[in-house]
Each structure stands twice: as structure tokens, then as C-alpha cells.
Amino acid sequence: MPEAVIVAAARSPIGRAFKGSLKDIRPDDLTVQMVRAALDQVPQLDPNRLDDLMLGCGLPGGEQGFNLGRVVSVLLGYDQLPGTTITRYCSSSLQTTRMALHAIKAGEGHAFISAGVETVSRFVKGNSDSLPDTHNPLFADAEARSKQLEQGGVDTWDDPRADGQVPDVYIAMGQTAENLARAKNVSREDMDHFGVRSQNLAEKAIANGFFAREITPVTLPDGSIVDSDDGPRAGVTYDGVAGLKPVFRPDGLITAGNCCPLNDGAAALVITSDTLAAELGITPLARVISTGVSGLSPEIMGLGPVEASKKALALAGMTIDDIDLVEINEAFAAQVLPSARELGIDEDKLNVNGGAIAVGHPFGMTGARITTTLINSLRTHDKQIGLETMCVGGGQGMAMVIERLS
């Protein structure tokens, strides 16, 4: 049975939504640049041999609509290349990598693009009150509970299923983080320390050239070049973060210092079978060993990495002790900390170059971005086995185990 190997990886800088460096570039144009950059890394691969372009996008609407994956393949000039757009929200471009893995294992193709994009800046703008209400009315009570919390209501989380109610699949992600912090007794102090850690590690990674090795500069419509992430801040201290006010509840624990911002960005991987890579003389970067996906209550979605990682590890025949480095997407410190504790992850192996609290989390990009960063980390630290995992809006988790090959 053929193995799925990652032979190229490219990611854009990550911009801050609405006011950052990538706000003026369309998502399709941004993705085209990243796919081209990834393919340029493997000139031995004739694009005519690509079987599919699979694009992850968390919020596929507006400029991110119209089957963006197919839009990208045509913009690239590859009319013969099919394209599809997939959403699994925060793990959308990890899902496309999983699809490439499955297709290769099934013998239904040998070469795939697994890409991801999110440009929050370019999504539907204007007054949200003017948009139609698309929520299923069965979630109305849950939505009312969420609004009550935003206005200073009850600050503890109880499983709504216990009272015969439907958990809110539309719940704001910040509210899920508040729920989880209280459910798992994660303190504001611990979350703030973790946020500072992310910023400080990212600052160090920038100084030693780590992120420069994985970022592909983006050319904007006006011809200017963006070559670094907007988010990381130099000199962040605990005292500075500890003074920030909560953003989701009046008595809340989640602040701008311990959660990720809204972002823009794109990334692309080229994934082939090991047999095709050998035929073309391409040295793979990494092998995809296994993946896992899980579901849980939407109102505590931040624990998603736990069961998803357990599934991926079991399929790989490994335990957490076999993992050299771990990347958990830092949507919120409130979800990374309890997930890492339940999985037994050594902090010295976790997000060793900082994470999304500093770097950013463009939903559809994040899966492919973390894969790129994890491969970079394994190579930089001369390690072999990595685990990538994340929580997913709507109450899911996803994970992947990879082996560095070069």
C-alpha cells in the first residue's frame, strides 16, 4: 500500500484582519501565490500529474465562495485540475490533507494539493443585523443563554443535555473558552502566563530566523511585498497581559492576551505517494502516519484535541511519549492548557516556537500552516515524530501524526 508523503510546504505571512498587511488581497489571489510557491519547490512534478486541488476554508462565502478550490486551479492556469472547497472550520486544511492521505492509501491518485485560506478581512462586511438569520430555531434557547452570559449572566458551565436542552452549535468561540476555563479550573493567571510564553517564544523564533524559513513573501495588488507575520509582539510581559480586560464576559477570564486574534493567510502542501516521489527523485519532507477526528459538546469545543489525538496515536501504534514535538493550535490558552494536561504533553515539547496567540489563526489556513511549522520545528530541532492537533468550532477536534523524513 502506498504511503502519503509531504513533498513541499509553503505558507504566507499572517495578517491581522481588517487593519493588517493582507487586508487588500483577495483570498483566491493569495492562495494562488502559495500553491505556486509550493509547486516551485518540486519542479520534477508536472502539474498535469496532479489529481486534485483540495482547499480548506472555514467560512466559504463572499469572495471565499463559488467553490474557491476550483477558482484557484483555473487561476493557476490548470484547467485540467479539479478543485474542491472543504470546511471543517478551524481544521479545514488538515481535513484536506486527510483526504489526500485517504485517496493515496486507496490507490485513487498519486499527487494532490492540500491548501487552506482564510481572509477574514474580505468576508461579508457591514451590519450583521441586515443578514438573514440562518440559525436553526432549535438552537434559539442556547443562543439566548449565550447572550445572557455576554451581558453578565451565570458564569458557570453546565451540560445543557442534562436539562434536555440542545447545546449551541452556533456559540461564539470566546464563550466556549470561558465555559472550558471554568469547567476545568483553568486560572486567569495560568492563561496569561501561557499567552506571554507564546509571544516570547515567537519573538525568539523570529530572531533566530525560524519563521523566515517557512514564510513565502506575498506580493500585494499594489506591488508591495509582505514577508513577516503581523501578530508577534516583542517584549511582552506578564504584568502587561495581566492588566488586560476580559473581552467576552464582564466577569470573564479570556482577554486579548490569552487568545488568538482574527487573521488573514493561506498555505499549501504538495502531497504525493511515496512511489511517485521515488519515481521523480523527490526527497519527501515528511510522511503522514495517521489522522483522527472527534466530536464533543459545541459548548466546550476546546477539549477537541484530546480524543482526536488519542485516535491518531492509536492508529499510529504510539503513545504521547513517542512524540517529539507537539503543535496544538492556540485558539485560546483556556483550551490548550486542559487539553495538554489531559494528554500528558510535556510543555518542553509543546508549541516550541509560539503559537496562534502570537502568530495568528486564519481558520482555513491553520491546518496547513501548523503542518508547515511542525515540519520546520522537527528539522530545526533534529527530531522525528510530530503531533498536530486542534479544537474545531461546532464541537470537534482533529489530529495528525507525521514523521520527518528530511
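None of these values were measured; they are calculated from a predicted model.

Visitor: Residue-level account of the nonpolar core, with values.
Guide: Ranked by internal contacts, the top residues of the largest apolar core, which has 40 residues, are Met191, Met318, Ile323, Phe332, Ile345, Leu350 and Val401. When residues of this core are traced back to their parent elements, those giving at least two are α5 (173-183), α6 (188-207), α9 (304-316), β10 (325-328), α10 (333-343), β11 (385-392) and β12 (396-404). Among the elements that line this core, the one with the most residues is α10, at 6 residues. Apart from the residues within four sequence positions on either side, Ile323 is in contact with Leu313, Met318, Lys349, Ile385, Gly386, Leu387 and Val401.

Visitor: Please provide a residue-by-residue account of the packing of α5 against α10, values included.
Guide: A packed helix pair is summarised by two numbers, namely the angle formed by the two axes and the spacing between the axes. Put simply, α5 and α10 touch, their axes get as near as 8 Å, and they point 40 degrees apart. When the axis of α5 is compared with that of α10, the two are oblique. Considering only the axes of α5 and α10, their crossing is left-handed. Across the interface between the two elements, Ala177, Leu180 and Ala181 from α5 touch Ala334, Gln335 and Pro338 from α10. In terms of residue class, the contact of α5 with α10 is made up of 5 nonpolar, 1 polar and no charged.

Visitor: Before we move on, can you summarise the environment of Pro246 with the specific residues and values?
Guide: For Pro246, the position within the fold is in the loop between α7 (238-242) and β8 (263-273). Sequence separation of Pro246 and Arg188 is 58 residues, and the distance between their C-alpha atoms is 10.0 Å. Discounting chain neighbours no more than four positions away, the residues touching Pro246 are Gly252, Leu253, Ile254 and Thr255.

Visitor: Got a sec to walk through α6? Specific residues and values, please.
Guide: For α6, with 20 residues, the first-to-last C-alpha span of 29 Å sits near the 28 Å given by 1.5 Å per residue. Every buried residue belonging to α6 is among Arg188, Met191, Asp192, Phe194, Gly195, Val196, Arg197, Ser198, Gln199, Ala202 and Ala205, and all of these are buried. Against the buried residues of α6 lie α5, α7, α10 and α11 (356-359).

Visitor: Residues and numbers for the pairing of strand β1 (residues 4-11), please.
Guide: Burial within β1 is extensive, with 8 of its 8 residues counted as buried. Alignment of β1 against β8, held across 7 bridges, turns out to be antiparallel. Looking at the pairing, Ala4 lines up with Ser273 of β8. Here 2 bridges tie β1 to strand β9 (residues 286-295), and the two strands are oriented antiparallel to one another. Considered in β9, the bridge of Val5 is made with Arg287.

Visitor: Which residues make up helix α2 (residues 68-75), and what values do they have?
Guide: Those residues of α2 that sit buried are Leu68, Gly69, Val72 and Ser73. Projected onto a plane normal to the axis of α2, the buried residues spread over an arc of 140 degrees and lie on a single side. Looking at the residues trailing α2, positive phi occurs at Gly77, about 90 degrees.

Visitor: Give a description of the packing of α9 against α10 that names residues and reports values.
Guide: Relative to each other, α9 and α10 sit at 35 degrees, their axes nearing to 8 Å. As for the relative orientation of α9 and α10, their crossing is right-handed in sense. Along the contact surface, α9 presents Pro305, Val306, Ser309 and Lys310, while α10 presents Gln335, Ser339, Glu342 and Leu343. Class assignment of the residues belonging to the contact of α9 with α10 gives a composition of 3 nonpolar, 3 polar and 2 charged.

Parameters at a glance
Residues numbered from 1 in each chain as written. Predicted model: local features only at pLDDT ≥ 70, side-chain atom pairs only at ≥ 80, totals over all residues. Heavy atoms only, no water. Core = buried A, V, L, I, M, F, W, Y, C linked by side-chain atoms within 4.5 Å. Buried < 20%, exposed > 50% of the residue type's maximum accessible area, 1.4 Å probe, protein only. Helix = DSSP H or I, 4+ residues; strand = E, 2+ residues; numbered from the N terminus. Contact = heavy atoms within 4.5 Å. Axes fitted to C-alpha atoms, helices over the stretch in contact; angles between N-to-C directions. Parallel < 35°, antiparallel > 145°, perpendicular 65-115°, else oblique. Left-handed = near helix turned anticlockwise from the far one by under 90°. Nonpolar A, V, L, I, M, F, W, Y, C, P; charged D, E, K, R; others polar. Expected span 1.5 Å × (residues − 1). Pairing = 2+ DSSP bridges. Arc of directions from axis to C-beta.

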